[in-house]
Amino acid sequence: MTASTIKQPDIQQVLGHLLPSLPAAALSTEPAENIFPLLSPILRQRVQLLSSSSSQEPWIRLLCYEPAKVPRLMEIARSDRLEPHPVSGEVEVDWDYDAETRYRRVDEETLQALVALKDLNLAFRLVHCTGDSAGEDGWKVGEVGVAEQPSPFSSFGGVSSVVEAERQFNESKSKAKHTTQTSGLMGSRGAFGEEEDDDDDDYWARYDATPARTPAMKRSPAPQSTYGGRTTAEDDYYAQYDDVQPAMDNHDPDEEANLDIAPPLGLTARPSHPIANGSDEEDGELNETQGAWTLAEPPRSPSTHSRRSGDDPNLVHPHPRPASSAGSNASIEKLEAAAAKQEQNDFGVKQHVSRSIKSLYMLSRASGIDREEFERLVRTELDTLGLMGD
């Protein structure tokens with residue numbers, strides 16, 4: 001709707017019939033029927049619905065959307081300033097001097113006006129309505145409130161005429177459209193630049209996703225120094241931690257190195273003296289797993305000399321020993337873990353059976369089955385399962 005088809009409101013005609021009804025609205029809980037055509041459709045529906053739902057408070061509170069201003073509005077309505085003239089029956093107001101009006105357009109369909117009566121300390125928000133089924137098109141009361149101090153138009157703003165309000169709205173709409181187009185252009189350029197940046201990021205991200213092949217450096221348990229370099233004394237001090245045997249580690253390399261393991265039954269240790277043919281390096285490099293044991297010589301038949309001299313005191317009789325204590329420990333740990341897991345599974349199954357029986361018992365109690373009947377049913381099922389197992 002253009003500005004040429006909208007006229008400025010006749011303040012006296014719009015508010016002249018509403019002012020005398022405010023004192024009654026501050027006392028009555030039911031609004032008068034002749035008030036509804038003066039209200040906007042939204043405010044009219046608010047008053048009709050809420051006044052019928054709560055009949056304990058005056059309906060004047062429904063004319064104001066700010067609950068904090070309702071007590072002051074009721075105080076003004078109950079004062080003698082709104083008493084009608086005894087002859088004309090209207091509230092005496094100099095509409096040309098006491099009333100001040102400002103206009104603003106909120107959107108394409110909403111044009112508002114704020115009328116302030118400074119002497120009465122009242123403010124009326126008017127809305128231009130079209131297609132109203134309860135009355136003619138024109139200006140209707142959208143809200144009744146208390147005028148703000150010191151300026152009643154501090155939050156409303158507005159201009160002095162409808163034409164000026166339409167002009168400001170059109171200018172602001174044109175600026176907003178231009179800003180939107182500029183932002184869209186800059187956004188498209190920015191999106192292109194961001195797309196290039198994303199391509200670069202994806203390219204370099206491939207290197208981040210490549211798994212590292214270099215083994216990580218093992219650090220000492222001692223705290224690292226914050227300085228760039230350390231002296232030789234500090235290096236020697238921290239190097240002592242490399243030879244520390246952890247208390248929780250059962251495997252001690254020093255004990256394994258100093259332990260003289262006896263050969264298994266039927267094997268003899270290799271001689272530690274060097275051999276003349278130069279193979280001492282090869283024999284020295286062999287360990288237990290690489291064949292460090294040799295077969296023992298078979299026993300010889302006793303001769304006359306041996307019977308006379310007795311057994312050879314240098315003959316060693318090897319005894320069987322466990323192949324690896326570490327392997328035995330691992331087997332024991334596996335057996336203990338399996339036993340613990342089986343025990344945990346058995347406990348879970350028992351818990352599940354116990355809870356299932358409790359649930360069935362509670363269900364039976366809720367259905368009216370007593371305890372004896374429930375026990376009889378359980379015994380019957382157990383006997384049936386016993387027959388099936390047999």
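Just so you know, the residues in each chain are numbered from 1, in the order the chain's sequence is written. Two thresholds apply to this predicted model, a pLDDT of at least 70 for residue-level local features and 80 or more for giving and counting side-chain atom pairs, whereas whole-chain, interface and lining totals are computed over all residues. Calculation of side-chain values draws on the structure's entire complement of heavy atoms; hydrogens and water are dropped beforehand.

(A) Looking closely at the overall build of the protein. Helix and strand counts for the protein stand at 11 helices and six strands. Expressed as a percentage of the 390 residues in the protein, the buried residues total 22%. The contact definition used throughout considers only heavy atoms, calling two residues in contact when any of these lie within 4.5 Å. Put simply, of all contacts in the protein between residues at least 6 apart along the chain, 57% involve residues at least 24 apart. Working note: accessible area of the protein is about 29,600 Å², and carbon and sulfur atoms make up 53% of it. Put simply, DSSP marks the helices as runs of H or I at least four residues long and the strands as runs of E at least two long, and each gets a number from the N terminus on. Using a 1.4 Å probe on the protein chains alone, a residue whose accessible area is under 20% of its type maximum counts as buried, one over 50% counts as exposed, and one in between counts as partly exposed. Surface exposure here means Shrake-Rupley accessible area, sampled with a 1.4 Å probe, where a residue is shielded only by the protein chains that are shown.

(B) Summary view of the pattern of salt bridges. Here a salt bridge means any side-chain nitrogen of Lys or Arg lying within 4 Å of a carboxyl oxygen belonging to Asp or Glu. This model, assessed by the stated rule, comprises 15 salt bridges. Note that Glu-100 and Arg-102 form a salt bridge whose closest N and O atoms lie 3.9 Å from each other. Its relative accessible area of 27% is what places Arg-102 among the partly exposed residues. Close ionic contact of Arg-125 with Glu-143 constitutes a salt bridge, the shortest N to O distance being 3.4 Å. In this pair, Arg-125 is assigned in strand E3 (residues 122-129) and Glu-143 in strand E4 (residues 138-146), connecting sequence segments 18 residues apart. According to the relative accessible area criterion, Arg-125 is partly exposed, its value standing at 25%. Through salt bridges that share partners, Arg-44, Asp-132 and Lys-140 make up one connected network.

(C) Local environment of the pairing of E4. Of all nine residues in E4, nine are buried, a share of seventy percent or more. Between any two strands, pairing holds if DSSP finds at least two bridges. Where E3 meets E4, eight bridges bridge the pair, whose relative direction is antiparallel. The partner of Val-127 across the bridge, within E4, is Lys-140.

(D) View of the side chain of Arg-44. By secondary structure assignment, the location of Arg-44 is in helix H3 (residues 41-53). Residue contacts for Arg-44: discarding those within four places in its chain leaves Phe-36, Pro-37, Leu-39, Asp-132, Ala-134 and Lys-140.

(E) Focus on the sheet that holds E4. The four strands are arranged E1-E2-E3-E4 in an open sheet whose pairing can be described as antiparallel. The open sheet has two free edges, formed respectively by strand E1 (99-105) and E4, since each of these has just one partner strand. Here the average twist between neighbouring strands, direction ignored, is 25°. Axis lines are fitted through C-alpha atoms, for helices just across the contact stretch, and the angle between N-to-C directions can take any value from 0 to 180 degrees.

(F) Expanded view of the packing of aromatic side chains. Two rings belonging to Phe, Tyr or Trp (six-membered ring only in the last case) form a pair when the distance between their centres is within 6.5 Å. Interplanar angles under 30 degrees mark stacking, angles over 60 mark edge-to-face geometry, and anything in between is tilted. Taken as a whole and judged by the stated rule, the model has three aromatic pairs. Judged by centre distance (5.2 Å) and plane angle (75°), the ring pair of Tyr-237 and Tyr-238 falls under edge-to-face. When the ring of Tyr-361 is compared with that of Phe-374, the centres are 5.3 Å apart and the planes differ by 65°; the resulting orientation is edge-to-face. Of this pair, Tyr-361 sits in helix H10 (residues 325-367) while Phe-374 sits in helix H11 (residues 371-389), and the two are 13 residues apart along the sequence. We classify Tyr-361 as buried; its relative accessible area is 18%. We classify Phe-374 as buried; its relative accessible area is 11%. Both a distance and an angle decide whether a charge sits over a ring: NZ of Lys or CZ of Arg must be within 6 Å of the ring centre and within 35 degrees of the ring normal. The ring of Phe-153 carries Arg-102 above its face, with NZ or CZ at 4.9 Å from the centroid.

(G) Spotlight on a negative patch on the surface. In this analysis, a patch consists of residues with relative accessible area above 30% that form no salt bridge, clustered at 9 Å for like charges and at 5 Å for the nonpolar side chains Val, Leu, Ile, Met, Phe, Trp and Tyr. Working convention for charge: Lys and Arg count positive, Asp and Glu count negative, and His plus the chain ends are omitted. Working definition for charges: the position is that of NZ of Lys, CZ of Arg, CG of Asp or CD of Glu. Among the surface-exposed residues, Asp-197, Asp-198, Asp-199, Asp-200, Asp-201 and Asp-202 lie close enough to one another that they form a single negatively charged patch. Locating Asp-200 in the fold gives a position in helix H5 (residues 162-209).

(H) Structural detail: helix H4 (residues 70-78). What H4 keeps buried is the set Val-70, Leu-73, Met-74, Ile-76 and Ala-77. The arc that holds every buried residue of H4, seen down its axis, measures 160°, which confines them to one face. Contacts made by the buried residues of H4 are with helix H2 (22-25), E3 and E4. In this description, the arc belongs to the directions extending from the helix axis to the C-beta atoms.

(I) Summary view of the nonpolar core. Throughout, nonpolar core names a set of buried Ala, Val, Leu, Ile, Met, Phe, Trp, Tyr and Cys residues whose side chains join them through atoms within 4.5 Å. Leu-19, Phe-124 and Leu-126 are the most contacted members of the largest nonpolar core, which has 46 residues in total. Tallying contributions element by element places H4 first for this core, with five residues. Not counting chain neighbours up to four residues away, the residues in contact with Phe-124 comprise Leu-15, Leu-18, Leu-19, Leu-22, Ala-113, Leu-114, Val-115, Leu-117, Glu-143 and Val-144. Ranked by size, the runner-up nonpolar core spans six residues in total, among them Leu-114, Ala-116, Ala-147 and Phe-156.

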